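# Structure at a glance
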Amino acid sequence: MRDKVFYPSAILSRYVKYYWTCTHDTDTLELMYPSGCLEFCIDISNCDTIRHRGNQSIIVPRLEVLGHWNIPMKASVQKGNICLITRFHPYAGALFFPNQASDFTNESIDLHDILNKESREFYQRLMEQPLLEQKVKVLEAFLIDKLLSTRKNHEKIALVEGMCHSIRRNGESFDIERLAAESGFSERYIQKLFLNYVGISPKSFFSVQRFNKSLKLVRSANISLTNIAYECGYYDQAHFIREFRSYTGITPSQLSAHII
């Protein structure tokens, strides 16, 4: 798999982390990992991808809004598949779609079902462009238009943004009472904000951030599982393995063996 990364223009940089392309040179069965972000995935190659979730399998739509997920998922990707992906910041994805973010959680949603004719016209314009850089410009123009026309409350977005940063700063433990005290809002209101704008609860967001930290350590360092568990704030190694398996369907040791 080959990747190429593009960064957003200034007007979108607060909301979009980056764009990137995944190009598959062989037929692949990919294990998917929770990213902690909503993503917008565009198939620019007309090669089918099949998403596997438990006993369910679906053909991924050409224009896919992929929400947060907290269950194991895999994807069967055909050789030659090229996907152009937008990864939003955790608090920002809901700005670009009429639904609240929780509507996308653990779901693969066809953009045609959300925007209908507008999405078809956008996809046609994008696919008419011969160069990848031109396709990214069409994507940027589409997202800027969505941002400028949104009716979502930007003050609430800023509030959730601050809370996401606070959770990351205190990455080894989660305390909803501390978050409420810092923000001046009730725990119940914070839960509602996260479901509307992030798509998952603040505790789940914390767990996904902690999982991604542990994933980097499993992938890149020769560290014992006990030390990874300690460094990432898990109660113990068993807690770490249990949560890792809940997101991926495999243990950290199985992933390490696969990497090797």
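Our subject is the structure listed above.
Below is a short write-up of the structure. What you see is a predicted model, and the numbers here were worked out from it, not measured in a lab.

## Digging into helix α4 (residues 154-169)
- Compared with an ideal rise of 1.5 Å per residue, which puts 16 residues at 22 Å, α4 spans 23 Å between its outermost C-alpha atoms and is within 8% of the ideal.
- Buried within α4 we find I157, V160, E161, M163, C164, S166 and I167.
- Along its buried surface, α4 packs onto α5 (176-183), α6 (187-197) and α7 (202-220).
- Two to three positions downstream of the cap, the backbone nitrogen of E155 sits 2.8 Å from a side-chain oxygen, assigning the N-cap of α4 to N153.

## Topic: α6
- Listing the buried residues of α6 in full gives I190, L193, F194 and Y197. Down the axis of α6, the smallest arc covering the buried residues is 95°, so these residues share one side. Structural note: α6 exposes R188 and K192 on the side pointing more than 90 degrees away from its buried face.
- Buried residues belonging to α6 abut α4, α5 and α7.
- Positive backbone phi, at 110°, marks G199, one or two positions downstream of α6.

## Some words on the pattern of salt bridges
- Scanning the model with the defined rule gives nine salt bridges in all.
- Here K4 makes a salt bridge to E133, at a shortest N to O gap of 3.2 Å. Of this pair, K4 sits in strand β1 (residues 2-6) while E133 sits in helix α3 (residues 132-149), and the two are 129 residues apart along the sequence.
- Residue class for K4 comes out partly exposed when judged on its relative accessible area of 39%.
- A salt bridge links R87 to E39; the shortest N-O distance between them is 2.5 Å.

Thresholds applied
Residues numbered from 1 in each chain as written. Predicted model: local features only at pLDDT ≥ 70, side-chain atom pairs only at ≥ 80, totals over all residues. Heavy atoms only, no water. Helix = DSSP H or I, 4+ residues; strand = E, 2+ residues; numbered from the N terminus. Expected span 1.5 Å × (residues − 1). Buried < 20%, exposed > 50% of the residue type's maximum accessible area, 1.4 Å probe, protein only. Contact = heavy atoms within 4.5 Å. Polar contact = N/O pair within 3.5 Å; in protein donor to acceptor, adjacent residues only side chain to side chain. Arc of directions from axis to C-beta. Salt bridge = Lys/Arg side-chain N within 4 Å of Asp/Glu carboxyl O.

Worth remembering: the numbers are spatial, not functional.
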